[in-house]
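Commentary on secondary and tertiary structure
Residues per chain are reported as follows:
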Amino acid sequence: MSDATILSVRNMRVHFSVKPKNRLPWTPSRTLKAVDGVSFDLKAGETLGVVGESGCGKSTL
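What this report covers is the structure whose coordinates are included nearby.

**Side note on the overall build of the protein chain**
- Check the secondary structure of the protein chain and you find zero helices and two strands.
- Taken against the 2.2 N^0.38 rule, which gives 10 Å for 61 residues, the C-alpha radius of gyration of the protein chain at 17 Å runs more than 25% over that of a compact globule.
- For the protein chain, the proportion of contacts with a sequence separation of at least 24, taken over those separated by at least 6, is 49%.
- For the protein chain, the accessible area works out to roughly 5,200 Å², and carbon and sulfur atoms hold 52% of it.
- The distance from the centre of the 9 positive side-chain charges to the centre of the 5 negative ones in the protein chain is 18 Å.

**Focus: the pattern of salt bridges**
- Under the counting rule described, the total for this entry stands at two salt bridges.
- Ionic pairing is found between Asp41 and Arg10, a salt bridge with its closest N-O pair at 2.7 Å. Here the residue Asp41 occupies a position in strand β2 (residues 30-43), and Arg10 occupies one in strand β1 (residues 5-18), the gap between them amounting to 31 residues.
- For Asp41, a relative accessible area of 38% translates into the label partly exposed.
- A salt bridge links Arg13 to Asp36; its shortest N-O distance comes to 2.5 Å. Placement of Arg13 in strand β1 and of Asp36 in strand β2 is noted, with a sequence separation of 23 residues between them.
- Given the relative accessible area of 39%, Asp36 is considered partly exposed.

**Some points on a nonpolar patch on the surface**
- On the surface, Phe16, Val18 and Leu32 cluster together into a nonpolar patch covering about 250 Å² of accessible area.
- Looking at where Phe16 falls in the secondary structure, it is placed in strand β1.

**Digging into unusual backbone geometry**
- With a phi angle near 55°, Asn11 is a residue other than glycine that sits in the positive phi range.
- Take Asn11: it is sitting in strand β1.
- Taking relative accessible area as the criterion, Asn11 reaches 41% and is therefore assigned partly exposed.

Calculation rules
Residues numbered from 1 in each chain as written. Predicted model: local features only at pLDDT ≥ 70, side-chain atom pairs only at ≥ 80, totals over all residues. Heavy atoms only, no water. Helix = DSSP H or I, 4+ residues; strand = E, 2+ residues; numbered from the N terminus. Rg over C-alpha atoms; globule rule 2.2 N^0.38 Å. Contact = heavy atoms within 4.5 Å. Areas by Shrake-Rupley, 256 points an atom, 1.4 Å probe, with all protein chains shown as cover. Lys, Arg positive; Asp, Glu negative; His and termini not counted. Charge placed at Lys NZ, Arg CZ, Asp CG, Glu CD. Salt bridge = Lys/Arg side-chain N within 4 Å of Asp/Glu carboxyl O. Buried < 20%, exposed > 50% of the residue type's maximum accessible area, 1.4 Å probe, protein only. Patch = residues over 30% accessible without salt bridge, like charges linked within 9 Å, V, L, I, M, F, W, Y side chains within 5 Å.

Encoded structure:
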C-alpha cells in the first residue's frame, strides 16, 4: 500500500452561537466551542477512530 496522506486536517474549529434559554430577548448569545483546534493526518490503509464521552464533539468532527 501507498504511504500517501489521503486526508489532512489542521486546526479544525467548529463554533456555534447559542442563545440562552429563558433569557430576555436582548441577552447576548454565547459561543459553544464544539471542536477547537483538532489536527490529524490519515494515510492510505489506516483507520481513524474517534472516542470520547457523550457531547464532546465526535459527530461534529
